[in-house]
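Architecture and fold: a report
The primary structure of each chain is shown beneath.
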Amino acid sequence: MTAQTLRTPQALAEAGLIDPADIAGLDRVAARYAVAVTPAMAELSLEAPEVARQFVPAEAELDRRPGESADPIGDEAHSPVRGVVHRYPDRVLLKANHTCAVYCRFCFRREMVGPEGERPLSARELDVAVAYIAARPEIWEVIVTGGDPFILSPRRLGDLMRRLEAAPHVKIVRFHTRVPAVDPGRVTGALVAALTASSKTVYVALHADHPAELTPAARAACARLADAGVPLLGQTVLLKGVNDDAATLEALFRAMVETRIRPYYLHHADLAPGTGHFRTTIGEGQALMKAMRGRVSGLCQPTYVLDIPGGHGKVPVGPGYLADGEVEDPRGVRHAYPPRS
């Protein structure tokens, strides 16, 4: 296994993840969108092409399609101060940093993250962001995102939690991360302690898209969080060539539940630039959700959602079962409802 994170096409070629003949073309991709493949994901990518597809760049990323946008879910329109997105009344996003352990090739913030992306919040800007939250008693939940907040040191995570103590109306702090799966060694006792030292209720939402990502090391990292009383949620993006079949999604969601992760959202892929080769249709996603209904425990059923382009919010777009006075059962049989006498 490689000892360092791979950050260039040359390094990917040396690790056997791409053909050396592709280096020149992928250099053009890497010049625009950040590349990082951790040792754990590099090793897994050699075994699972569905994992490689998520992290290894492709020249298709230079193909920008109509409707794609650098800010596909409209964060900027709802950002009152730098680092804060306040789209919904009772919760805000807090973008603590703009770097990640790995860079997903379908990321909806791909124009903003990475070494050449937006700079991290300064101490002063973080003060302003926390002051904005503290001044608004309607904010019940702070969702810490980025970038990936789990690449911050335990000291900085602990400092962030202490700052949020200044907002007693904030009851929930939720962290969105890929780290427990892609770099599980970062989930140390010190990191867990930093999260749990506060009076706030902390949730961790793990992004994982394929069951192979939940390796023994990843499950152990999740167990360190769960054993400390941190509830875990699962977030997945529906991706063509990665998980766009019912058997893969079923295996992923079962693996999450076995790891004490409750599948929360299955996201329809956003209209980020250069990501069209990953997107399914909504109809295909609905068919996959319907295929799992009745075959898979309700614990393993996330909500299929679409972030409406332009910043209009997230809505469920799963299949419907009730129409014209009839309801469809999991076997596809329709029944009158209310039952006719």
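These numbers were taken from a predicted model, which means no experiment stands behind them.

**Regarding the sheet that holds strand E2 (residues 91-95)**
- Read across the open sheet, the nine strands follow the order E1-E2-E3-E4-E5-E6-E7-E8-E9; overall the sheet is mixed. Single-partner strands in this sheet number two, and they are strand E1 (84-88) and strand E9 (313-316). Strand-to-strand, the axes of this sheet are offset by a mean angle of 25 degrees, without reference to chain direction.
- With five bridges joining them, E2 and strand E3 (residues 141-145) adopt parallel strand pairing. Across the sheet, Leu93 pairs through a bridge with Ile143, a residue of E3.
- Contacts between helix H5 (residues 123-134) and the sheet are confined to E1, E2 and E3, with E1 contributing the most and set at about 25 degrees to the helix.
- In this fold helix H6 (residues 154-164) packs onto E2, E3, strand E4 (172-177) and strand E5 (201-207), with an angle of close to 150 degrees to the strand it touches most, E4.

**Overview of the sheet that holds strand E10 (residues 322-323)**
- Strand order across the open sheet formed by three strands is E10-E11-E12, with antiparallel pairing between neighbours. Every interior strand has two partners, whereas the edge strands, E10 and strand E12 (334-336), have only one.
- Bridge count for strand E11 (residues 326-328) against E12 is three bridges, and the pairing is antiparallel. Following the sheet pairing, Glu326 is matched in E12 by Ala336.

**Details of the packing of H6 against helix H8 (residues 189-196)**
- Between H6 and H8, whose axes approach to 8 Å, the crossing angle comes to 5 degrees. Comparing their axes, H8 and H6 come out roughly parallel. Along its contact with H6, which presents Pro154, Leu157, Gly158 and Met161, the element H8 presents Ala190, Leu191, Ala194 and Leu195.
- Taken together, the residues that form the contact of H6 with H8 break down as seven nonpolar, one polar and no charged.

**Things to note about the packing of aromatic side chains**
- Scanning the model with the defined rule gives three aromatic pairs in all.
- Taking 5.5 Å as the distance between ring centres and 70 degrees as the angle between the ring planes, the aromatic pair formed by Phe106 and Phe278 counts as edge-to-face. Taken together, the positions of Phe106 in the loop between E2 and H5 and Phe278 in the loop between strand E7 (261-268) and helix H11 (282-292) put the pair 172 residues apart, joining distant regions of the chain.
- Judged by relative accessible area, which is 8%, Phe106 ranks as buried.
- Given a relative accessible area of 1%, Phe278 falls into the buried group.
- Here the aromatic rings of Phe150 and Phe175 are separated by 5.8 Å at their centres, their planes lie at 50 degrees, and the arrangement is tilted. Linking Phe150 in the loop between E3 and H6 with Phe175 in strand E4, this pair joins segments that are 25 residues apart in sequence.
- Assessed through its relative accessible area of 1%, Phe150 is described here as buried.
- Under the relative-accessibility criterion, Phe175 is labelled buried at 0%.
- A cation over a ring is seen here: Arg53 above Phe278, with NZ or CZ 4.8 Å from the ring centre.

So, how was this worked out
- Residues numbered from 1 in each chain as written.
- Predicted model: local features only at pLDDT ≥ 70, side-chain atom pairs only at ≥ 80, totals over all residues.
- Heavy atoms only, no water.
- Pairing = 2+ DSSP bridges.
- Helix = DSSP H or I, 4+ residues; strand = E, 2+ residues; numbered from the N terminus.
- Axes fitted to C-alpha atoms, helices over the stretch in contact; angles between N-to-C directions.
- Contact = heavy atoms within 4.5 Å.
- Parallel < 35°, antiparallel > 145°, perpendicular 65-115°, else oblique.
- Nonpolar A, V, L, I, M, F, W, Y, C, P; charged D, E, K, R; others polar.
- Phe/Tyr/Trp six-rings, centres within 6.5 Å; stacked < 30°, edge-to-face > 60°.
- Buried < 20%, exposed > 50% of the residue type's maximum accessible area, 1.4 Å probe, protein only.
- Lys NZ or Arg CZ within 6 Å of the ring centre and 35° of its normal.

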